[in-house]
Amino acid sequence: MPDIQVDTNAPAIDVQELHKYFGDNQVLTGIDFEVDRGQVVCVIGPSGSGKSTLLRCVNRLEEPTSGKIFVEGVEVTDPDVDLDQLRSRIGMVFQQFNLFPHLTVLDNLTIAQTKVKKRGKDEAREIARATLEKVGLAHREDAYPAHLSGGQQQRIAIARALSMSPDLMLFDEPTSALDPELVGDVLDVMKDLAAEGMTMMVVTHEMGFAREVGHKLVFMDGGVIVEEGDPKEVLGNPQQERTQSFLSKVL
Amino acid sequence: MAMSPRRRAEVSRYVQYGVLALLLLLVALGADWGTLQTQFLNGEILPQLFPEIFSIALKNTVLYTACAFVFGLVLGLVLALMRLSSVGPYRWLSTVFVEFFRGVPALIVFIGFYYGLPVAFPGRVLPGGTLGVVTVALGLVGAAYMAETIRAGIQAVPKGQVEAARSLGMSHTRSMVSIVIPQAFRIILPPLTNELILLTKDSSLVYVIGLSLSDSELTDFGRRNLSQYVNLTPLFATALCYLIITVPLSIVVRRMEARADRAR
Ligand SMILES: Nc1ncnc2c1ncn2[C@@H]1O[C@H](COP(=O)(O)OP(=O)(O)OP(=O)(O)O)[C@@H](O)[C@H]1O
Ligand SMILES: [Mg+2]
């Protein structure tokens, strides 16, 4: 299997004229959107505006109806692309964690490393333990997901994605399913990650995180990008009426 | 006369116990205990059944059931995956198979296999003799039931599991093998064990193909001795042997269900 040729000058994510229908329901209408390497881009918007759909199109968990998407210069929307190999370089974190309940924490972190990346067992474990250390859960490697709190599960899910050594990370409302007192731990892990220079696309309702960590903020509504720019600008001085009315409701 | 609800419940319970005691008494008085014992638990016949009832009959029942179950489980998994396939003809084939073997009595499948196969394929026989016939015939029936159970189990695994697996770069097949199927089998362990109990009993149908003593399983063994001794003791002993297999399995199922309830 030839390795995918990554273009180091291309943006991390480049979405061009993306349209997505579910049946007759148009969910994304001509999205143009870029994430540069090392950037943290936060996506906000009302429920049903298409944030998750856009995020899920990037690794083709959702099939775009038309338009093109490139990740590090490789066309994701190319029908002949090696999707599995491409996905192994894109970490994804879900709102509902989606840890594998029949596997221990350590096995959750090693299974894709050994089966997809073909790393040896020892190497995979070593990497898994290092990432667990990073999210502060090294002591729970033998636990099953059901025995962990939501916040711990989400940190494990982040560690699972990280142990594949991805080039970029996608987050779909990673803290929305958590009790308020557990949100902070997960956000701290994400901040550390951002500080290390990880490229991140984050769908979130955490405006504080977006303001503090984000390099760019995107506001979506009704399947289009209504406004984007520096987070402090967009949050502090929104130009579009729809942005203003959304922010007045959530802030 | 006014009774408090609690008092009324108490009276009703006494009445229920009373009726039960009366019924037992009637049965006990009406039954001819002496005849019952000579007919069902005859101390002279019972020892004659050993050791064959264990070393041949029980062993064969377990062997036939186990082979049929394993064959049925593997085939059932294949049928379930076919049923969930995006390829139309696979789905139709699987549906036709399942509907056929679920809808037809197992007895007819046995007869069909034993007498029909040599007609359909002259000069060919299933390898493995009796064991081969039981494995395939009973396995096909079991597969039809288990296919539906396995399909339901696979569909009960949350969609997020596949999405997480695919997002890590696992192929469709790899996600099924490493993530979905192991979880599906946990979910369906109780109904699968129930299926094993049913198969244990259905293995008795093999008597229709005519068995030599060494191939004899519990029911066949019981019938032989029933006619030899003209006494029900062998049949009664055989029935107890079935319970030796099925009751522990039932207990296992109940434990698993209780544990699943607690986890919920
Ligand atoms: N698999 C699907 N099939 C049909 N319609 C879908 C599907 N997934 C999403 N939709 C629809 O697409 C629209 C956008 O959904 P999406 O999940 O992208 O919104 P969102 O911005 O992430 O909302 P939320 O904040 O509630 O997560 C919604 O109207 C939703 O009903
Ligand atoms: Mg969403």
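The preceding data block contains the structure.
Report on the accompanying structure. (Residues numbered from 1 in each chain as written. Chains lettered and ligands numbered in written order. Predicted model: local features only at pLDDT ≥ 70, side-chain atom pairs only at ≥ 80, totals over all residues. Heavy atoms only, no water.)

**Points about the overall build of chain B**
Thinking step 1. Summing up its helical and strand segments, chain B has 10 helices and zero strands in all.
Thinking step 2. Start at the N end of chain B and walk to the C end: the helices and strands fall as α-α-α-α-α-α-α-α-α-α.
Thinking step 3. Against the compact-globule benchmark of 18 Å for 264 residues, chain B has a radius of gyration of 25 Å, which places it well outside the compact range.
Thinking step 4. Principal-axis analysis of the C-alpha atoms gives chain B an extent of 70 × 70 × 30 Å.
Thinking step 5. Among the 264 residues that make up chain B, the fraction classed as buried is 40%.
Thinking step 6. Restricting to contacts in chain B with at least 6 residues of sequence separation, those with at least 24 account for 76%.
Thinking step 7. Of the roughly 15000 Å² of accessible surface on chain B, 67% is carried by carbon and sulfur atoms.
Thinking step 8. In chain B, the 22 positive side-chain charges and the 14 negative ones have mean positions that sit 12 Å from each other. (Helix = DSSP H or I, 4+ residues; strand = E, 2+ residues; numbered from the N terminus. Rg over C-alpha atoms; globule rule 2.2 N^0.38 Å. Buried < 20%, exposed > 50% of the residue type's maximum accessible area, 1.4 Å probe, protein only. Contact = heavy atoms within 4.5 Å. Areas by Shrake-Rupley, 256 points an atom, 1.4 Å probe, with all protein chains shown as cover. Lys, Arg positive; Asp, Glu negative; His and termini not counted. Charge placed at Lys NZ, Arg CZ, Asp CG, Glu CD.)

**What to know about the packing of helix 7 (residues 159-167) of chain B against helix 8 (residues 172-202) of chain B**
All names here are of chain B.
Thinking step 1. Contact geometry for helix 7 and helix 8: axes closest at 10 Å, N-to-C directions at 140°. Considering the angle they form, helix 7 stands oblique to helix 8. In terms of crossing hand, the pair formed by helix 7 and helix 8 is right-handed. Of the residues in helix 8, those touching helix 7 at Q161, V162, A165 and R166 are H172, S175, I179, V180 and Q183.
Thinking step 2. Split by residue class, the contact of helix 7 with helix 8 holds four nonpolar, four polar and one charged. (Axes fitted to C-alpha atoms, helices over the stretch in contact; angles between N-to-C directions. Parallel < 35°, antiparallel > 145°, perpendicular 65-115°, else oblique. Left-handed = near helix turned anticlockwise from the far one by under 90°. Nonpolar A, V, L, I, M, F, W, Y, C, P; charged D, E, K, R; others polar.)

**So, the sheet that holds strand 8 (residues 199-203) of chain A**
Residue and element names in this part refer to chain A.
Thinking step 1. One open sheet holds the six strands; their spatial order is 6-7-8-3-9-10, and the pairing between them is mixed. Bordering the open sheet on either side are strand 6 (90-93) and strand 10 (224-229), each of which pairs with just one other strand. If you compare each strand with its neighbour and ignore which way they point, the axes differ by 15° on average.
Thinking step 2. Pairing analysis gives four bridges linking strand 6 to strand 7 (residues 168-172), with the strands arranged parallel. The residue of strand 7 that forms the bridge with G91 is M169.
Thinking step 3. Of the strands in this sheet, strand 6 and strand 7 are in contact with helix 5 (residues 150-162), which crosses strand 6 at around 170°. (Pairing = 2+ DSSP bridges.)

**Focus: the site of ligand 1**
Residues and elements named next belong to chain A.
Thinking step 1. Close to ligand 1 lie F22, V27, P46, S47, G48, S49, G50, K51, S52, T53 and E173.
Thinking step 2. The side chain of S47 places a nitrogen or oxygen atom 2.6 Å from an oxygen atom of ligand 1.
Thinking step 3. G48 is positioned such that a nitrogen or oxygen atom in its backbone is 2.8 Å from an oxygen atom of ligand 1.
Thinking step 4. The protein chains hide 59% of the 630 Å² of surface that ligand 1 would expose on its own.
Thinking step 5. The leading source of residues in the shell around ligand 1 is helix 1 (residues 51-58), at three residues.
Thinking step 6. Class assignment for the residues of the shell around ligand 1 results in three nonpolar, six polar and two charged. (Near = heavy atom within 4 Å. Polar contact = N/O pair within 3.5 Å; in protein donor to acceptor, adjacent residues only side chain to side chain.)

**Observations concerning the interface of chain A and chain B**
A common way to express how large an interface is: the accessible area buried when the components associate.
Thinking step 1. Taken together, the contacts link 21 residues of chain A with 17 residues of chain B.
Thinking step 2. Carbon and sulfur atoms make up 62% of the surface buried where chain A meets chain B, a total of about 1600 Å² over both sides.
Thinking step 3. A per-residue breakdown of the area chain A buries against chain B is headed by A:D84, A:F100 and A:H102, which together make up 33% of the total.
Thinking step 4. Between B:R166 and A:D84 there is a salt bridge; the shortest N-O distance is 3.6 Å. (Buried area = accessible area lost by both parts, 1.4 Å probe. Salt bridge = Lys/Arg side-chain N within 4 Å of Asp/Glu carboxyl O.)

**Quick look at the packing of aromatic side chains**
Thinking step 1. The full count for this structure, using the stated rule, is six aromatic pairs over all chains.
Thinking step 2. Where A:F219 meets A:F246, the ring centres are 5.1 Å apart and the plane angle is 35°; that geometry is what we call tilted. Placement of the pair is A:F219 in strand 9 (residues 216-221) and A:F246 in helix 9 (residues 241-250), with a sequence separation of 27 residues.
Thinking step 3. An angle of 75° between the planes, with centres 5.3 Å apart, marks the rings of B:F50 and B:F54 as edge-to-face.
Thinking step 4. According to the relative accessible area criterion, B:F50 is partly exposed, its value standing at 41%. (Phe/Tyr/Trp six-rings, centres within 6.5 Å; stacked < 30°, edge-to-face > 60°.)

**A closer look at the pattern of salt bridges**
All names here are of chain A.
Thinking step 1. If you walk through the whole model with that rule in mind, you get 18 salt bridges over all chains.
Thinking step 2. The partner of K191 in a salt bridge is E212, and the shortest N-O contact between them spans 3.8 Å. Taken together, the residues span a long stretch of sequence, with K191 in helix 6 (residues 180-195) and E212 in helix 7 (residues 207-213) at a distance of 21 residues.
Thinking step 3. Judged by relative accessible area, K191 falls into the partly exposed class, the value being 25%.

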